[in-house]
Amino acid sequence: YFFYSAHCKFYILGTNTDKTLWRLLKIDRMEPSELNIDEDSTMYSHSEYLDLRKTLDEDHRSTGGLNFVTNCCGIIGFIKFLGPYYMLIITEQRKIGAIFGHAVYQVTKTAMIELSSSKMKPTLLNSNDENRYKKLLQTIDLRKDFFFSHSYHIMRSLQKNFNDPQEGWDLYDTMFVWNEFLTRGVRNILESTCWTVALVYGFFKQDKIKTSGKDIMLTLIARRSRHYAGTRYLRRGVNEEGRVANDVETEQLVFDDTLGPRQISSVVQNRGSIPLFWSQETSKLIIKPDIILHEKDNNYEATRLHFENLRRRYGDPIIILNLIKTRERKPRESTLRQEFDKAIKIINNGLPVENHLRFLHWDLNKSTRSKNANALQVLMKVAFEALNLTEFFYCQASSAQTPGSSLNLHAPLNGCGFRGCDDKNDGGNTDCIDNNGDISQEDTCGSSDTSTSGIAEDVATNNGSTTVKPPKLQNGVLRTNCIDCLDRTNVAQYAYGLASLGRQLHALGSVESPELDLDSPLAHHLMHFYERMGDTLALQYGGSAAHNKIFSAKRGHLKFAIQSQEFFRTLQRYYSNAYMDAYKQAAINLFLGYHRPQQEKFAPWESESVAGENVLDDKTSQLIKRSRSDGSILRKSNTSLSSNGPNGISTPGFSDFKNELQPPNCRSGSVHDAVSKLSDSLFSIENYCSYTPTVPHIKYTSCELDYGNFSGDSNFLDLDWLSASDNGSHAHKMWQQRIIRLTFPLFLLVLFYIYH
């Protein structure tokens, strides 16, 4: 795109790869409080484009002519505060990867352009508020963790792109397009998505790995949901529509980059806050604030809606891996665990057996403290059992193309076939215009067979002279959570990713065994991917990098170094949550359209304190009152609970505490308690050994409604087998160590005898 300005209009000219065809978009500046946009239906040739520029310049000669402003890679959207509209555009992009030749870009530079000219600028009653809104929006750094593609539907998983192709408007309605609200106005006017880009927020990393002499592209994508989005203590649990906080879809893609039939595989997993009505109150004095369980939804309708949404997105089975603590001296997480277990069993009681939610409650914190357990090894076994139920997506393209060429994974993203911008990457400035019309329509995967199972290469069909393996689909999803869905969850997602990687590479014919060892080079390479993703997602939601104790211990880092790093990150997260998150939450609400600025309506900063801790309205500020407690579970009644809406800032009022599960004689709010709790949160990890593949072993148990105790921790895994096999491997390791201790002196004696 090429962006031009005139006295009364903005003009954007877009072209195709060869710069042979041009389109024109006009944006009116005479009524800046209204969004007036017009797309010229004419398709101009290059010579006509040059004539068009001369004509436009002559038309505006009396008011200064036509002036070039900037190159443009796409329109992010339009927003209005109290005065004129502003246009957000991408002026620079950097290529960060490609999926079968379809480039993926990161936003590196943006511009915010006011539509009104200096002479047409409206008179604002409060220009200070307008400027504060602008500054608030600009705190959303679009250069961090936002990515997009001009030709690939990056907001959707590979399996959906192959088997349920969508284009245009429907793509922006997905939960992972963060500028849906900003683009809504221009899409309504033009009835087209040609000029806008769909931004995804989360994480993207791609690297080439070599295995068995083959070049394999490994890609890890995390897509953060825009529904009920926000920061750690201001977005917890579930809302009335069944949307949960910190809802992230993680996709792991593997494909070869070689000649001949090209293969691609992906597997998807999910993380999200515990789908109950619960919260935590931000505190400047308490590092671990109270967990507040709201008695609002006794029938668990919101929880049910959440799992119905997961079923629509991924199919059955839904497998829940709940990693929070089982028992505590001061009940916090364990109370949520018991309530979550009750909700799952009540929901299952109303479902057919084949649609039951599969669940496993497993205390990862307890496992890492135990000397008789290996957390990663247990998680790997859980991952293999989950993969046996869900499988993964695999497809082989029928045409043989050279590496780097684009396969037509779906219809063109925008349906226009033109793009124009300069790509700023490590290789210098290159033309990054994509011509969707050049993609061969023959490079498709073919129809999907939902009944396909087993390893793909075990079954093949002969299509002419080329053997094409049948596709296979992932049905269902593994949903993992802890309290924050950051640290423990990321370790579990790595284990699932490693278990999946072995099967994906096996399907591609790159490895002989579908199971990778925890100590293999591929496992360490993948660990780096998930560690980077965990840090990125934790910074977005929690304000600090992730607690990577298990990863650090696996690498052999010193216990003291691990504890020092965890202590620093705990303090960093505490500071961000206590002093920064309210302002960050207000900016997110503004960007996503959950807060609409209006004259004579409250502004986010009206109840702002001197320290800037609260940028919410007066009603909401009552929610964030300081409880000065030491971090126990508090139950609150639903007599006065209300909400502004599923995605807005909730404004609940609470009655007095009904139940305070806190031991007596606690010195609430003291510095001593805060420091002791911080120290307790730093635990060590010892005695890791390599994973030994085991025979798949699944035991299906009945789902009894027993809520009075902690029995029934899983309805799809035999926990006795899980713990017994792990203890057996530990016992084997202990016997190895004992044998070494006993034989080492004898070995020294033999050496002494030989020497003499």
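Just so we're clear, the structure is a prediction, and the values are computed from it rather than from any experiment.

Peer 1: Help me understand the overall build of the protein in this model?
Peer 2: In terms of helices and strands, the protein carries 16 helices and 25 strands. For the protein, the residues scored as buried account for 58% of the 756 residues in total. Expressed as a percentage of contacts within the protein between residues at least 6 apart in sequence, the contacts between residues at least 24 apart total 73%. Accessible area for the protein stands at about 31,200 Å²; split by element, carbon and sulfur atoms hold 50% of it.

Peer 1: Got a minute to help me understand the side chain of threonine 231 in this structure?
Peer 2: With respect to the helices, strands and loops of the structure, threonine 231 is situated in the loop between β11 (214-224) and β12 (248-256). Excluding residues that lie within four positions of it along the chain, threonine 231 makes contacts with Tyr541, Asp581, Lys584 and Gln585.

Peer 1: It is not clear to me how the pattern of salt bridges should be interpreted in this structure. Could you clarify?
Peer 2: Oppositely charged side chains may form a pair once their charged atoms are brought near each other. Considering all chains together, one arrives at 20 salt bridges under this definition. Here arginine 187 and glutamate 180 are joined by a salt bridge, their closest N and O atoms 3.5 Å apart. Assessed through its relative accessible area of 0%, arginine 187 is described here as buried. Residue glutamate 180 is classed as buried on the basis of its relative accessible area, which comes to 7%. The partner of arginine 236 in a salt bridge is aspartate 484, with the nearest N and O atoms 2.7 Å apart. A residue pair is termed long-range when its members are at least 10 positions apart, and arginine 236 in the loop between β11 and β12 and aspartate 484 in the loop between β23 (477-481) and α10 (487-507) qualify at 248 residues. Accessibility classification places arginine 236 together with aspartate 484 in one group, the buried group.

Peer 1: What's the story with a nonpolar patch on the surface in this structure? I'm lost.
Peer 2: On the surface, Leu746, Leu749, Val750, Tyr753 and Ile754 cluster together to form a nonpolar patch covering roughly 600 Å² of accessible area. Relative to the elements of secondary structure, leucine 746 occurs in helix α16 (residues 719-755). When its relative accessible area of 54% is taken as the criterion, leucine 746 is described as exposed.

Peer 1: Would you mind showing me how to read the nonpolar core here?
Peer 2: Buried together is how nonpolar side chains tend to be arranged in soluble globular proteins. In this structure, Leu336, Leu379 and Tyr494 are the most contacted members of the largest nonpolar core, which totals 78 residues. In terms of nonpolar packing, the next biggest core, distinct from the first, is built from 32 residues, Ile79, Tyr105, Trp178 and Leu199 among them.

Peer 1: Is there a simple way to think about the confidence of the model for the protein in this case?
Peer 2: Note that predicted coordinates carrying low pLDDT should not be read in detail. Here the protein shows a mean pLDDT of 74. Residues at 70 or above account for 65%. Segment residues 400-405 is flagged for pLDDT under 50; beyond a separation of four residues in sequence, or across chains, it makes 20 contacts in the model. Per-residue pLDDT stays below 50 along residues 422-465; that stretch engages in 94 contacts with residues further than four places along the chain or on separate chains.

Peer 1: Explain the environment of arginine 337 here, please?
Peer 2: Within the element layout of this structure, arginine 337 appears in helix α7 (residues 333-349). For the pair arginine 337 and lysine 325, spaced 12 residues apart in sequence, the C-alpha to C-alpha distance is 7.3 Å.

Peer 1: Is there a simple way to think about the packing of helix α6 (residues 301-314) against α7 in this case?
Peer 2: Each packed pair of helices is defined by two parameters, the angle between the axes and the distance between the axes. Contact geometry for α6 and α7: axes closest at 10 Å, N-to-C directions at 70 degrees. The angle between α6 and α7 places the two elements in the roughly perpendicular class. Crossing hand, α6 versus α7: right-handed. Between α6 and α7, the contacting residues are Thr303, Arg304 and Phe307 on the first element and Phe340, Ala343 and Ile347 on the second. In the contact of α6 with α7, the residues fall into 4 nonpolar, 1 polar and 1 charged.

Peer 1: Explain the packing of aromatic side chains here, please?
Peer 2: Aromatic rings in a pair are described by how distant their centres are and how their planes are angled relative to each other. If you walk through the whole model with that rule in mind, you get 17 aromatic pairs. With centroids separated by 5.9 Å and ring planes inclined at 35 degrees, the aromatic side chains of phenylalanine 2 and tryptophan 22 adopt a geometry described as tilted. Here tryptophan 22 lies in strand β3 (residues 21-28) and phenylalanine 2 lies in strand β1 (residues 2-5), a separation of 20 residues in the sequence. When its relative accessible area of 18% is taken as the criterion, phenylalanine 2 is described as buried. On the basis of relative accessible area, tryptophan 22 is assigned to the buried category, the value being 2%. Seen from their ring centres, tyrosine 4 and phenylalanine 68 are 5.5 Å apart, and the 70 degrees between their planes marks the pair as edge-to-face. Linking tyrosine 4 in strand β1 with phenylalanine 68 in strand β5 (residues 67-71), this pair joins segments that are 64 residues apart in sequence. Note on phenylalanine 68: relative accessible area 47%, which makes it partly exposed. Here a set of aromatic residues connected by ring pairs shows up, and it is made of Phe146, Trp178, Tyr201 and Phe591. A cation sits over an aromatic face here: lysine 205 above phenylalanine 529, 5.1 Å from the ring centre.

Peer 1: What's the story with the sheet that holds β5 in this structure? I'm lost.
Peer 2: Remark on secondary structure: sheet strands pair via backbone hydrogen bonds, oriented parallel or antiparallel. Read from one edge of the open sheet, 5 strands run β4-β3-β2-β1-β5, paired in antiparallel fashion. Edge strands, defined here as strands with exactly one partner in the open sheet, are β4 (37-45) and β5. Adjacent strand axes in the sheet meet at a mean angle of 25 degrees when their direction is disregarded. Sheet strands in contact with helix α1 (residues 46-59) are β1, β2 (9-15), β3 and β4, and its direction is about 135 degrees off that of β4. Sheet strands touched by helix α5 (residues 180-190): β3 and β4. Its angle to β4, the strand with the most contacts, is close to 60 degrees.

Peer 1: Looking at this model, I keep getting lost on the pairing of strand β8 (residues 102-114). Mind explaining?
Peer 2: Within a regular beta strand, the side chains point alternately toward one face of the sheet and then the other, so they alternate between its two faces. Two elements, strand β7 (residues 85-99) and β8, share 12 bridges in a ladder whose sense is antiparallel. Looking across to β8, one finds that isoleucine 90 is bridged to threonine 110. As judged from the 2 bridges shared by β8 and strand β9 (residues 146-148), these two strands associate in the antiparallel manner. Directly across from glutamine 106, in β9, lies its bridge partner phenylalanine 147.

Peer 1: Mind showing me how you'd approach the environment of asparagine 490 here?
Peer 2: Turning to its location among the elements, asparagine 490 is positioned in helix α10. Here the alpha-carbon distance between asparagine 490 and tyrosine 530, two residues 40 residues apart in the chain, equals 7.1 Å. A distance of 2.8 Å separates a polar atom in the side chain of asparagine 490 from the backbone oxygen of tyrosine 530.

Peer 1: Would you take a moment to explain helix α2 (residues 127-138) for this structure?
Peer 2: For an α-helix, 3.6 residues make a turn, and residues three or four places apart therefore share a direction. The first and last C-alpha atoms of α2 sit 17 Å apart over 12 residues, in line with the 16 Å expected at 1.5 Å per residue. All of the buried residues in α2 are Asp129, Glu130, Tyr133, Leu136 and Leu137. For α2, the angular spread of buried residues about the axis comes to 120 degrees, placing them on one side. Residues of α2 that are exposed and point more than 90 degrees away from the buried face comprise Asn128 and Lys135.

Peer 1: Even after reading the chapter, I still don't get the side chain of threonine 250, so can you show me in this structure?
Peer 2: Take threonine 250: it is sitting in strand β12. Reaching out from threonine 250, the side chain makes a polar contact with the side chain of glutamine 493 at a distance of 3.3 Å.

Peer 1: Before we go on, may I ask you to explain the packing of helix α9 (residues 375-390) against α10 in this structure?
Peer 2: Closest axis-to-axis distance for the α9/α10 pair is 8 Å, and the angle between their directions is 55 degrees. Between α9 and α10, the crossing angle belongs to the class labelled oblique. The two elements α9 and α10 cross, and the hand of that crossing is right-handed. Here Leu376, Leu379, Met380, Ala383, Phe384, Ala386, Leu387, Asn388 and Thr390 of α9 lie close against α10, whose contacting residues are Val491, Ala492, Tyr494, Ala495, Tyr496, Leu498, Ala499, Ser500 and Arg503. Its residues assigned to classes, the contact of α9 with α10 comprises 14 nonpolar, 3 polar and 1 charged.

Peer 1: I would appreciate a short explanation of the environment of tyrosine 11 in the present structure.
Peer 2: Note that tyrosine 11 resides in strand β2. On the accessibility criterion, tyrosine 11 (4% relative accessible area) is buried. Residues tyrosine 11 and glutamate 39, 28 residues apart in the sequence, show an inter-C-alpha distance of 9.9 Å. Apart from the residues within four sequence positions on either side, tyrosine 11 is in contact with Phe2, Phe3, Tyr4, Ala6, Leu24, Leu25, Lys26, Leu56, His60 and Leu66. A polar atom in the side chain of tyrosine 11 sits 2.9 Å from the side chain of histidine 60.

Basis of the calculations
- Per chain, residues are indexed from 1 in the order of the written sequence.
- With the structure being a predicted model, the display of local features is reserved for residues of pLDDT at least 70 and the display and counting of side-chain atom pairs for 80 or more, all residues being used for whole-chain, interface and lining totals.
- The side-chain numbers reported here are obtained from all heavy atoms of the structure, hydrogens and water having been left aside.
- Think of it this way: any DSSP run of H or I at least four residues long counts as a helix, any run of E at least two long counts as a strand, and we number them from the N terminus.
- Any residue under 20% of the maximum accessible area for its type is buried, any over 50% is exposed, and the rest in between are partly exposed; the area is computed with a 1.4 Å probe on protein chains only.
- Here, residues are in contact when the closest pair of their heavy atoms is within 4.5 Å.
- Throughout, the Shrake-Rupley method with a 1.4 Å probe supplies accessible areas, and for residues the shown protein chains are the sole cover considered.
- A side-chain nitrogen of Lys or Arg and a carboxyl oxygen of Asp or Glu constitute a salt bridge if their distance falls within 4 Å.
- A patch consists of residues whose relative accessible area exceeds 30% and which take part in no salt bridge; residues with like charges are grouped when within 9 Å of each other, and nonpolar side chains (Val, Leu, Ile, Met, Phe, Trp, Tyr) when within 5 Å.
- We call a set of buried Ala, Val, Leu, Ile, Met, Phe, Trp, Tyr and Cys residues a nonpolar core when their side-chain atoms join them within 4.5 Å.
- pLDDT runs from 0 to 100 and stands for how confident the predictor is about each residue.
- Comment: axis = line fitted to C-alpha atoms, over the contacting stretch for helices; angle = value between 0 and 180 degrees taken between N-to-C directions.
- Throughout, the term roughly parallel applies to angles under 35 degrees, roughly antiparallel to angles over 145, roughly perpendicular to angles from 65 to 115, and oblique to all others.
- Here a crossing is called left-handed whenever its near helix is offset anticlockwise from the far helix by less than a right angle, and right-handed whenever the offset is clockwise.
- In the scheme used here, Gly and all other residues not listed as nonpolar or charged are polar, with Ala, Val, Leu, Ile, Met, Phe, Trp, Tyr, Cys and Pro taken as nonpolar and Asp, Glu, Lys and Arg as charged.
- Pairing of aromatic side chains here covers Phe, Tyr and the six-membered ring of Trp, requires ring centres within 6.5 Å, and sorts the geometry by plane angle: under 30 degrees stacked, over 60 edge-to-face, intermediate tilted.
- As a reminder, the over-ring test applies to NZ of lysine and CZ of arginine, requiring each to be within 6 Å of the ring centre and within 35 degrees of the ring normal.
- Paired strands, as defined in this entry, are two strands with at least two bridges between them according to DSSP.
- Think of a polar contact as two N or O atoms within 3.5 Å of one another; within protein, one of them needs to be a possible hydrogen donor and the other a possible acceptor, and neighboring residues in sequence only count if both atoms come from side chains.
- Expected span of a helix: the number of residues minus one, times 1.5 Å.
- Think of the arc as the fan of directions from the helix axis to the C-beta atoms.

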